[in-house]
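For reference, the chains in residue letters:
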Amino acid sequence: MEFFNQLILAVSVASFITFQVLFHYLSSWVSTRVSPGFKKLSEKQKIEWNSRTVSTFHALVVGVFCLYILHFDDAVNEDPVWGDPALVKLNVAITTGYLISDLLLIFYHWKAIGDKFFVVHHLAALYAYYYVLGQGLLPYFANFRLLAEFSTPCVNQRWFFEVLGYPKSSKPNIANGVMMAVIFFLVRIAVMPIYYERMFSIYGTEAFYRLPFGGRSAWMCSSICLDVMNVMWMHRIARGCYRVLRYRKKTEEDAQQNGKID
């Protein structure tokens, strides 16, 4: 157990260092070769670009790992409160390293990427993950939360298109916007009934009362806090998607009308 705790700590530290290296060096190096428009960005935009590149990489890594655990980790799925959390701890350790790295970057580059909602989100997640890594509690629920990361790449891609000057009515932008809204809804909103049904099925059981008060509070409070923000973000995304689709439709109708007049 002592060796495994040291491994988790090592994974968290390695994750932190990896994401710092990605932000400060690799993101810019790759971006200049993949997207010529990167060189034309302002310094502030480059900071946010690198931050979002790192965010996308993290989302894909932990998202795929999360799906693997949900499908193949029987111990966690059968006992969501006290099941063997070995694989979940590894995944959460990666995310913990990323969250700490991103928090430091947010505070250091506040004028470029500062956002109070992200600070609240990161702190709430870290508070909950402390009980997962420190005491091995609630592995199923901790891992289930990482499904939300699958919406991150599309959210970031929307911003990339924007700073590169893609019109909001362009086909790549619209395709990404629709995909973003659908994926965000599926992995953050549609899964809420599944998550809370499992939570309520645990409530009042022996396994529930074995949890320390701090663990129960972290689980429930962080879940509600994160989901309130998810609903707020979903509302903003849905409105934006609707406006773009309506504008696109109006543009096409105007073009058709002008064609008839000509």
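Shown above is the structure to which this text applies.
This one's a predicted model, so the numbers in the text were calculated from it and none came from an experiment. (Residues numbered from 1 in each chain as written. Predicted model: local features only at pLDDT ≥ 70, side-chain atom pairs only at ≥ 80, totals over all residues. Heavy atoms only, no water.)

Q: Lay out the overall build of the protein in plain terms, naming residues and giving numbers.
A: A tally of regular secondary structure across the protein gives twelve helices and zero strands. The order of helices and strands in the protein, counted from the N terminus, is α-α-α-α-α-α-α-α-α-α-α-α. Its C-alpha atoms give the protein principal-axis dimensions of about 75 × 40 × 30 Å. Within the span of the protein, comprising 262 residues, buried residues form 48% of the whole. Across the protein, every contact between residues at least 6 apart in sequence was considered, and the portion connecting residues at least 24 apart equals 77%. In the structure as shown, the protein presents an accessible area of about 14500 Å², 65% of it carried by carbon and sulfur atoms. (Helix = DSSP H or I, 4+ residues; strand = E, 2+ residues; numbered from the N terminus. Buried < 20%, exposed > 50% of the residue type's maximum accessible area, 1.4 Å probe, protein only. Contact = heavy atoms within 4.5 Å. Areas by Shrake-Rupley, 256 points an atom, 1.4 Å probe, with all protein chains shown as cover.)

Q: Report on the environment of V30, specifying residues and quantitative values.
A: Within the secondary structure, V30 is located in helix α1 (residues 2-34). Once the C-alpha coordinates of V30 and F184 are considered, the two residues, 154 residues apart in sequence, prove to be 27 Å apart.

Q: Lay out the packing of aromatic side chains with the relevant residues and their values.
A: How two aromatic rings sit relative to each other is set out by the distance from centre to centre and by the angle between their planes. The final tally for this structure, using the stated rule, is 21 aromatic pairs. On the numbers, 5.3 Å between centres and 75° between planes, the contact of F19 with Y98 is edge-to-face. Taken together, the residues span a long stretch of sequence, with F19 in helix α1 and Y98 in helix α4 (residues 86-108) at a distance of 79 residues. Pair check on accessibility: F19 and Y98 agree, each one buried. On the basis of an interplanar angle of 70° and a centroid distance of 5.9 Å, the ring pair of W159 and F160 is categorised as edge-to-face. Overall, the relative accessible area of 11% leaves W159 in the buried class. Put simply, the rings of Y140, F141, F144, Y195, Y196, Y203, F208, Y209 and W219 pair up and form one aromatic cluster. Its guanidinium or amino end placed over the ring of F208, R216 lies 5.2 Å from that ring's centre, counting from NZ or CZ. (Phe/Tyr/Trp six-rings, centres within 6.5 Å; stacked < 30°, edge-to-face > 60°. Lys NZ or Arg CZ within 6 Å of the ring centre and 35° of its normal.)

Q: Hey, could you go over the environment of N91 for me, with residue numbers and the actual values?
A: Position of N91 relative to the elements: it lies in helix α4. Taking the C-alpha atoms as reference, N91 lies 22 Å from S217; in sequence the two are 126 residues apart. Side-chain polar atoms of N91 contact the backbone oxygen of V62, separated by 3.3 Å. (Polar contact = N/O pair within 3.5 Å; in protein donor to acceptor, adjacent residues only side chain to side chain.)

Q: I'd like a description of helix α6 (residues 116-135), backed by residues and values.
A: The α-helix winds at 3.6 residues per turn, so residues separated by three or four positions along the chain end up facing the same way. Its 20 residues give α6 an end-to-end C-alpha distance of 29 Å, which sits within 8% of 28 Å, the value for a rise of 1.5 Å per residue. Along its length, α6 shows its largest kink, about 25°, at Y129. Along α6, the positions that sit buried rather than exposed are V119, H121, H122, A124, A125, L126, A128, Y129, Y131, V132 and L133. The N-terminus of α6 is capped by D115, whose side-chain oxygen sits 2.8 Å from the backbone nitrogen of F117. The first or second residue beyond α6 is G136, which carries a positive phi of 70°. (Expected span 1.5 Å × (residues − 1). Bend = angle between axes of the 7 residues up to and from the residue.)

Q: Give a detailed account of the packing of α4 against α6, specifying residues and quantitative values.
A: Following both chains from N to C, one finds α4 and α6 inclined at 150°, their axes separated by 10 Å at the closest point. Between α4 and α6, the interaxial angle falls into the category roughly antiparallel. Note on packing geometry: the crossing formed by α4 with α6 is left-handed. Contact with α4, carried on its side by V88, K89, V92, A93, T95, T96, L99, I100, D102, L103, I106 and F107, involves F118, V119, H122, L123, A125, L126, Y129, V132 and L133 of α6 and no other residues of that element. Per-class residue counts for the contact of α4 with α6 are 16 nonpolar, three polar and two charged. (Axes fitted to C-alpha atoms, helices over the stretch in contact; angles between N-to-C directions. Parallel < 35°, antiparallel > 145°, perpendicular 65-115°, else oblique. Left-handed = near helix turned anticlockwise from the far one by under 90°. Nonpolar A, V, L, I, M, F, W, Y, C, P; charged D, E, K, R; others polar.)

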